[in-house]
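# A look at the structure
Now for the letters of each chain:
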Number of protein chains: 2
Amino acid sequence: MDTNENMEEAIEVLQQLGLKEYEARCFVGLSRLHSGTAKKLSEMTEVPRTRVYDAVRVLESQGLVEVQHSSPQEFRAVSLEEATETLRDQYEARVERLENTLGSVDIVDEGDDTPIQQVWALSGQSGIENRTDQLIEEATDEVVLVIGDESLLTEDLVDSLNEVVSNGVTLIIGALTESLEDQIQTKVPDATTFITGLEWLRSENATEDETAIGRLLLIDRSTILVSSITPGSKEEQAIFGEGFGNGLVVLARRLMAQGLVPAHDPGQ
Amino acid sequence: MDTNENMEEAIEVLQQLGLKEYEARCFVGLSRLHSGTAKKLSEMTEVPRTRVYDAVRVLESQGLVEVQHSSPQEFRAVSLEEATETLRDQYEARVERLENTLGSVDIVDEGDDTPIQQVWALSGQSGIENRTDQLIEEATDEVVLVIGDESLLTEDLVDSLNEVVSNGVTLIIGALTESLEDQIQTKVPDATTFITGLEWLRSENATEDETAIGRLLLIDRSTILVSSITPGSKEEQAIFGEGFGNGLVVLARRLMAQGLVPAHDPGQ
DNA sequence: TGAGAAGTCACCCGATTAATCACAAAAAGG
DNA sequence: CCTTTTTGTGATTAATCGGGTGACTTCTCA
């Protein structure tokens with residue numbers, strides 16, 4: 001509906017995808033025209049006319065616009081489908097190149113000692129999600145998962161859960177709301193589900209500013225990942241610990257025993 | 001094998017993927033270590049020690065490294081699989097956002113007249129490839145395709161060809177070498193294939209520097225795309241014309257009649 | 001042929017980023 | 001307990017890049 005706002009957002013996204021501001025503006029401008037000249041484009045996008053030429057040339061070299069070498073020359077954008085497909089191809093090629101090159105560098109590993117307590121921090125939605133999935137897939141006995149927000153129940157996560165449950169791993173999944181619990185039960189039928197309030201969290205720091213819980217993951221009672229989502233920036237942050245003796249892990253086991261997971265008997 | 005060279009390339013690719021130089025160097029450095037401190041990283045990557053902290057912080061926020069908040073703090077990179085998956089996710093999210101926003105901007109289309117002869121130029125490997133595939137899929141009667149290099153016979157292209165041939169479109173595909181012709185026949189069994197030398201091209205400009213022919217595509221005798229690959233830069237460039245009366249298209253039909261496609265009788 | 005439009009260049013300036021330095025806080029080690 | 005080294009933060013400088021503007025040549029068309 002709001003064309004103007006969408007244009008601004010499209011320009012922003014294109015810049016995140018690697019285009020310069022002028023290039024992004026020109027591409028969005030051309031997307032609204034069947035074809036246009038430098039002058040028209042300049043008026044419509046507020047890119048200086050004399051710079052339209054550079055910008056379009058770059059876009060052309062990336063396969064995003066076509067140029068008609070007449071006078072005045074005309075430009076037009078490729079279809080949205082072609083554009084997105086091209087962008088995907090380019091990025092995929094780069095990621096594959098990264099896999100090849102980084103995959104074949106030798107690890108020097110100056111044997112950094114410290115086999116001790118380690119608690120690692122990582123942040124970023126997708127990074128944490130991947131780590132979550134991977135940890136689940138590596139489980140051999142038990143997975144305890146508490147999901148704090150509906151949006152975190154992604155397709156990949158469901159796949160990982162169903163894969164691991166078919167290997168005989170016990171799955172215990174907690175949700176914050178009934179509707180979320182229902183969703184989980186239909187998508188992961190073999191899991192034991194329950195509902196947890198966050199009282200155990202809130203009671204600790206009632207005065208702090210509200211940081212919502214994201215995920216809580218305990219693998220085989222020896223690896224833990226806890227994430228929170230800051231309300232403002234929507235950024236997700238996680239901490240992550242390994243090892244049965246790890247302080248964080250011990251804490252988590254304690255927590256569980258005290259009723260985070262209601263009526264669940266520790267097998268050992 | 002050549003770890004050093006691969007590292008340099010990995011750093012380059014990471015920068016293309018949006019990281020800054022220091023960030024890229026640090027990530028590659030950490031990929032060679034199970035874990036490391038700022039000092040060690042600095043020595044190994046030639047990033048100023050005091051800048052390592054910033055770089056790593058950015059990497060952490062992108063989900064590419066983990067940080068242990070001890071003293072001295074330790075950093076470690078996520079696994080290559082996690083890293084590439086995260087990068088893919090991020091990019092895919094952006095492209096989808098682009099589809100949504102750009103898809104819902106209104107087209108103003110100040111009815112740029114010029115219903116006349118139009119010849120458009122576009123360049124870039126993937127862009128041209130997507131255009132090729134799309135044109136093929138839109139064909140209703142006949143597709144004539146000449147492939148100049150083995151690498152251009154991609155999976156997507158083969159899919160498009162097989163899809164369109166199942167709709168009753170005549171497929172005529174030319175190759176430069178016998179081995180390429182064989183490949184085509186096995187991958188696209190329903191196509192009529194032949195071998196073309198480039199005499200018709202070479203005879204025209206024997207003195208010019210060698211620009212290799214990439215593709216030649218004629219759709220329903222009314223749309224043409226010709227691409228060339230400059231030997232040095234490996235960049236592909238194409239021109240593209242539509243309309244039965246288009247000069248370029250007429251030229252192409254002429255060319256065909258004169259024997260580019262041997263013994264093929266124009267149906268009309 | 002003359003006026004205006006189209007296209008190319010070269011330049012400026014502000015923002016970002018690479019690179020260095022100064023300094024406080026924190027281990028380490030006698 | 002004090003000294004020395006290491007670690008981390010912040011400010012500062014230098015160089016690069018990208019946005020922004022204008023001069024100038026070429027082309028089109030009346």
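Residues numbered from 1 in each chain as written. Chains lettered and ligands numbered in written order. Predicted model: local features only at pLDDT ≥ 70, side-chain atom pairs only at ≥ 80, totals over all residues. Heavy atoms only, no water.

## Here's the deal with the nonpolar core
Counting 64 residues, the largest nonpolar core has A:Phe27 and B:Phe27 as the members making the most contacts within it. Among residues more than four places away in sequence, those in contact with A:Phe27 are A:Leu14, A:Leu59, A:Leu64, A:Val65, A:Ala77, A:Ala83 and B:Leu102. (Core = buried A, V, L, I, M, F, W, Y, C linked by side-chain atoms within 4.5 Å. Buried < 20%, exposed > 50% of the residue type's maximum accessible area, 1.4 Å probe, protein only. Contact = heavy atoms within 4.5 Å.)

## Details of the protein's contact with DNA strand D
Among the 16 residues in the neighbourhood of DNA strand D, the closest are listed as A:Lys20, A:Glu21, A:Arg51, B:Tyr53 and B:Gln73. The share of sugar and phosphate among atoms of DNA strand D within 4 Å of the protein is 55%. One of the side-chain nitrogen or oxygen atoms of B:Arg49 is found 3.0 Å away from a base nitrogen of DNA strand D. Residue assignment for the surface near DNA strand D shows that the elements contributing at least two residues are α2 (21-31) and α4 (49-61) of chain A together with α4 (49-61) of chain B. Per-element accounting of the surface near DNA strand D gives the leading share, 5 residues, to α4(B). Split into classes, the residues belonging to the surface near DNA strand D amount to 4 nonpolar, 5 polar and 7 charged. (Near = heavy atom within 4 Å. Polar contact = N/O pair within 3.5 Å; in protein donor to acceptor, adjacent residues only side chain to side chain. Helix = DSSP H or I, 4+ residues; strand = E, 2+ residues; numbered from the N terminus. Nonpolar A, V, L, I, M, F, W, Y, C, P; charged D, E, K, R; others polar.)

## Considerations on the relation of the copies chain B and chain A
You can overlay chain B on chain A at an RMSD of 0.2 Å; the transform is a turn of 180 degrees with a shift of 0.0 Å along its axis. Between the two chains, the operation in question is that of a two-fold axis. Of every C-alpha in chain B, the one belonging to B:Gly18 sits nearest the axis of rotation, 3.6 Å from it. By residue overlap, the copies meet face to face through one surface: 100% of the interface positions of chain B are interface positions in chain A. (Least-squares fit on C-alpha atoms with pLDDT ≥ 70 in both.)

## Considering the confidence of the model for chain A
Residue and element names in this part refer to chain A. Counting all residues, the mean pLDDT for chain A is 82, and 79% of those residues have values of 70 or more. Put simply, helix α9 (residues 199-202) is where chain A has its lowest mean pLDDT, 42, and α2 is where it has its highest, 96. Note on residues 198-208: pLDDT is under 50 here. Beyond four places in sequence and across chains, it has 8 contacts. (pLDDT = per-residue confidence, 0-100.)

## With respect to the side chain of B:Ser35
Residues and elements named next belong to chain B. For Ser35, the location among the structural elements is in the loop between α2 (21-31) and α3 (38-45). The exposure class assigned to Ser35 is buried, which follows from its relative accessible area of 9%. A distance of 2.6 Å separates the side chain of Ser35 from the side chain of Glu74, its partner in a polar contact.

## A few points about the pattern of salt bridges
Per the counting criterion, the structure on display carries 22 salt bridges over all chains. Taking the shortest distance from any N to any O, the salt bridge between B:Arg51 and B:Asp54 comes out at 3.3 Å. Of the two residues, B:Arg51 and B:Asp54 both sit in helix α4, 3 residues apart, roughly one turn of that helix. On the basis of relative accessible area, B:Arg51 is assigned to the partly exposed category, the value being 39%. We classify B:Asp54 as partly exposed; its relative accessible area is 32%. Taken together, the shared-partner salt bridges in this structure form one network comprising A:Glu66, A:Arg76, A:Glu82 and B:Arg131. (Salt bridge = Lys/Arg side-chain N within 4 Å of Asp/Glu carboxyl O.)

## Points about the packing of helix α6 (residues 125-138) of chain A against helix α7 (residues 155-165) of chain A
Residue and element names in this part refer to chain A. The geometry of α6 relative to α7 is characterised by a closest axis approach of 9 Å and an angle of 10 degrees between their N-to-C directions. By the angle between their axes, α6 is roughly parallel relative to α7. Packed against α6, whose contacting residues are Glu129, Thr132, Asp133, Ile136 and Glu137, the element α7 presents Asp156, Leu157, Ser160, Leu161, Glu163 and Val164 at the interface. Across the contact of α6 with α7, the residue classes tally to 4 nonpolar, 2 polar and 5 charged. (Axes fitted to C-alpha atoms, helices over the stretch in contact; angles between N-to-C directions. Parallel < 35°, antiparallel > 145°, perpendicular 65-115°, else oblique.)

## With respect to the interface of chain B and chain A
Tallying the contact residues gives 80 residues for chain B and 80 residues for chain A. Approximately 7,400 Å² of surface area, both sides summed, lies buried where chain B meets chain A, with 50% of it carried by carbon and sulfur atoms. In this structure, B:Arg97 engages A:Glu12 in a salt bridge whose closest nitrogen and oxygen atoms are separated by 4.0 Å. Put simply, chain B and chain A have 24 residue pairs in polar contact (both at pLDDT 80 or more) between them. Of the residues that constitute the side of chain B that touches chain A, the class distribution is 28 nonpolar, 28 polar and 24 charged. (Buried area = accessible area lost by both parts, 1.4 Å probe.)

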